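These are the residues of each chain, in order.
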Amino acid sequence: AQSVTQPDIHITVSEGASLELRCNYSYGATPYLFWYVQSPGQGLQLLLKYFSGDTLVQGIKGFEAEFKRSQSSFNLRKPSVHWSDAAEYFCAVGFGDYKLSFGAGTTVTVRA
Amino acid sequence: DAGVTQSPTHLIKTRGQHVTLRCSPISGHKSVSWYQQVLGQGPQFIFQYYEKEERGRGNFPDRFSARQFPNYSSELNVNALLLGDSALYLCASSLGTDNQPQHFGDGTRLSIL
């Protein structure tokens, strides 16, 4: 069965420090890969997506993600975190017919 | 440009009642999907509609149904509400063609008493 794993439930990072959020998936072929961010009481905003091609993907708000086929991973990174990056982050996997499967999410807290 | 809009934003119902949630996709988008997000979890896929036809269905009971209208807006209906149906219901739209991501609305918060 397809699955998406986000191993870290909660991450605390200092403002200005780097951030990396982990995502692993289990599927027989390479799916489409996404990262979404959700602020409290709001819907999901698309940060970036990977369909094919270059394995390093640039997104909005200074985020990037790297697809590693050998590790079935799609980790999200940001070099310098801002207080406004505090939110919940979801990794999602789609299979062409766009039925997204989401991980359980990682909550990011930014301390001053 | 307007994003995906959902109504109502909040709703309180009691067990056994019926509820209808509404979604208007981004202009030009022909595909609408519905997701259920229980507190503390990631969204779970319920339905996807494309060009008014059901394109996919998640592992939800028959109490859940949906439809898409000629203007591509959509309704999600839930009958015989249970306490466990309390959740944020998210609607997402996309162009429906390959390599196009889904864009989400802010959701409807449904509370069952």
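This text goes with the structure placed above it.
Since we're looking at a predicted model, the values are computed, not measured.

### So, the overall build of chain B
The helix and strand inventory of chain B stands at zero helices and 11 strands. For chain B, the sequential pattern of α-helices and β-strands runs β-β-β-β-β-β-β-β-β-β-β. Relative to the 2.2 N^0.38 estimate, which gives 13 Å for 113 residues, the radius of gyration of chain B is 13 Å and therefore close to what a compact globule would have. Taken along its principal axes, the extent of the C-alpha atoms in chain B is 40 × 25 × 25 Å. Of all 113 residues assigned to chain B, the portion counted as buried reaches 50%. Nonlocal contacts in chain B, meaning residues at least 24 apart in sequence, comprise 53% of its contacts between residues at least 6 apart. As displayed, chain B has an accessible area near 5,400 Å², and 48% of this comes from carbon and sulfur atoms. Across chain B, the mean location of the 10 positive side-chain charges is 7 Å away from that of the 9 negative side-chain charges.

### Some thoughts on the environment of A86 of chain A
Residue and element names in this part refer to chain A. Mapping A86 onto the fold places it in the loop between β9 (73-78) and β10 (87-94). Between the C-alpha atoms of A86 and Q38, which are 48 residues apart in sequence, the distance is 9.4 Å. Contacts of A86, omitting those with residues within four sequence positions, involve V108 and V110.

### Details of the sheet that holds strand β1 (residues 5-7) of chain B
Residue and element names in this part refer to chain B. The four strands are arranged β1-β3-β8-β7 in an open sheet whose pairing can be described as antiparallel. Of all the strands in the sheet, the pair left with one neighbour each is β1 and β7 (64-68). Geometrically, the sheet is characterised by an average inter-axis angle of 15° between neighbouring strands, direction not taken into account. With five bridges connecting them, strand β3 (residues 19-24) and strand β8 (residues 74-78) associate as antiparallel partners. From the neighbouring strand, L21 faces β8, where its bridge partner is L76.

### What about the pattern of salt bridges?
In this structure the tally under the stated criterion is 10 salt bridges over all chains. Note that R77 of chain A is salt-bridged to E66 of chain A, the shortest N-O span being 3.3 Å. Placement of R77 of chain A in strand β9 and of E66 of chain A in strand β8 (residues 64-68) is noted, with a sequence separation of 11 residues between them. The partly exposed category is assigned to R77 of chain A, whose relative accessible area is 23%. The salt bridge involving E51 of chain B is made with K52 of chain B; its shortest N-O contact spans 3.7 Å. Residue classification places E51 of chain B among the partly exposed residues on the basis of a relative accessible area of 27%. Take K52 of chain B: its relative accessible area is 34%, and that puts it in the partly exposed class. Linked by salt bridges that have partners in common, E64, E66 and R77 of chain A make up one network.

Calculation criteria
- Within every chain, residues take consecutive numbers counted from 1 along the sequence as written.
- Note on labels: chains are lettered from A, ligands numbered from 1, in written order.
- Selection of residues for local features in this predicted model requires a pLDDT of at least 70, selection of side-chain atom pairs for listing and counting requires 80 or more, and totals for whole chains, interfaces and linings are taken over all residues.
- Working from all heavy atoms in the structure, the side-chain values ignore hydrogens and water.
- We count a stretch as a helix when DSSP gives it H or I for four or more residues in a row; a strand needs E for two or more, and each element gets its number in order from the N terminus.
- The globule rule used here is 2.2 Å times the number of residues to the 0.38 power, and the radius of gyration it is set against is calculated over C-alpha atoms.
- Relative accessibility thresholds used throughout: buried, under 20% of the residue-type maximum; exposed, over 50%; partly exposed, between the two (1.4 Å probe, protein chains only).
- Residue contacts follow a heavy-atom distance rule, with two residues in contact if any of their heavy atoms lie within 4.5 Å.
- Here the accessible surface of atoms and residues is derived via Shrake-Rupley with a 1.4 Å probe, and residues count as covered only by protein chains that are part of the display.
- Lys and Arg are tallied as positive, Asp and Glu as negative. Neither His nor the chain termini are counted.
- Taken as the charge location is NZ of Lys, CZ of Arg, CG of Asp or CD of Glu.
- Each pair of strands is called paired provided DSSP finds at least two bridges between the two strands.
- Angles here are taken between N-to-C directions and fall from 0 to 180 degrees, while the axes themselves are lines fitted to C-alpha atoms, restricted in helices to the stretch in contact.
- By definition, a salt bridge exists where a carboxyl oxygen of Asp or Glu is found within 4 Å of a side-chain nitrogen of Lys or Arg.

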